Amino acid sequence: MPEYTLHVPSIRGATTEAPNMPYEESDFPMDDLADIDDYYLLSTSGIPPEGFEDLELPVCHVDQRLSLPLLKRALDEIETIDDIDPETKTETIDMIHDLGECFPNDGLGE
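First, a word on what this report is: a plain description of the structure on this page. Only a predicted model underlies this, so the values are computations on that prediction, with no experimental measurement involved. Here the residue index of a chain counts from 1 through its sequence in written order. Side-chain atom pairs in this predicted model are given and counted only at pLDDT of 80 or more, local residue features only at pLDDT of at least 70, and totals for whole chains, interfaces and linings cover all residues. Side-chain numbers here rest on the full set of heavy atoms in the structure, without hydrogens or water.

Notes on the packing of helix H2 (residues 68-78) against helix H3 (residues 86-100)
Right, so step 1: Axis definition: a line fit to C-alpha positions, over the contact stretch in the case of helices; interaxial angles, taken between N-to-C directions, run 0 to 180 degrees. Each helix is a run of H or I in the DSSP string that is no shorter than four residues. Each strand is a run of E no shorter than two, and both are numbered from the N terminus. Packing of H2 against H3 brings their axes to within 10 Å, and their N-to-C directions diverge by 165 degrees. In terms of axis orientation, H2 runs roughly antiparallel to H3. In this structure, H2 crosses over H3, and the sense of that crossing is left-handed. Residues Leu71, Ala74, Leu75 and Ile78 of H2 pack against Lys89, Thr92, Ile93, Ile96, His97, Leu99 and Gly100 of H3.
Right, so step 2: The residue makeup of the contact of H2 with H3, split by class, is seven nonpolar, three polar and one charged. An angle below 35 degrees is read as roughly parallel, one above 145 as roughly antiparallel, one from 65 to 115 as roughly perpendicular, and any other as oblique. Should the near helix be turned anticlockwise from the far one by less than a right angle, the crossing is termed left-handed; should it be turned clockwise, right-handed. Throughout, a residue-residue contact means that at least one pair of heavy atoms, one from each residue, lies within 4.5 Å. Residues are grouped as follows: Ala, Val, Leu, Ile, Met, Phe, Trp, Tyr, Cys and Pro are nonpolar; Asp, Glu, Lys and Arg are charged; every other residue, Gly included, is polar.

Looking at the packing of aromatic side chains
Right, so step 1: Two aromatic rings from Phe, Tyr or Trp, using only the six-membered ring of Trp, form a pair when their centres are within 6.5 Å; if the ring planes differ by under 30 degrees the pair is stacked, by over 60 it is edge-to-face, and anything between is tilted. Taken as a whole and assessed by the stated rule, the structure comprises five aromatic pairs.
Right, so step 2: An angle of 65 degrees between the planes, with centres 5.1 Å apart, marks the rings of Tyr23 and Phe28 as edge-to-face.
Right, so step 3: According to the relative accessible area criterion, Tyr23 is buried, its value standing at 9%.
Right, so step 4: Three or more aromatic residues link up through ring pairs in this structure, and these residues are Tyr23, Phe28, Tyr39, Tyr40 and Phe52. Buried residues are those whose accessible area, probed at 1.4 Å on protein chains only, stays under 20% of the maximum for their type, while exposed residues exceed 50% and partly exposed ones sit between those limits.

Quick word on the environment of Leu6
Right, so step 1: Mapping Leu6 onto the fold places it in strand E1 (residues 5-6).
Right, so step 2: Using a relative accessible area of 24% as the deciding quantity, one classes Leu6 as partly exposed.
Right, so step 3: Spatially, the C-alpha atoms of Leu6 and Ala18 are 22 Å apart, while their sequence positions differ by 12 residues.
Right, so step 4: With residues near it in sequence (within four places) discarded, Leu6 still touches Leu41, Leu42, Glu91, Thr92 and Met95.

Here you go:
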């Protein structure tokens, strides 16, 4: 069972637009994984991650704007991760809801 590390993303604004998914490492304007991890909530190999494939639950566009559709998707996807420990899962869900407060006129449940 991998041990997931929760990471607070660095955001530069917010948007209700959905990006093209899934992301590939070449989609990002940088090649340092320590910078790319700022777009994701979870890593299976720590922060910074050992590889791009270790990153889970993207929540930002490649321009680092927090994305409401990606937050909604992350809320759905967290439920499909079978091997995450309950404490990290709860902390991740709480962080998704906290980040959702950047969208006061839109809800995560919509």
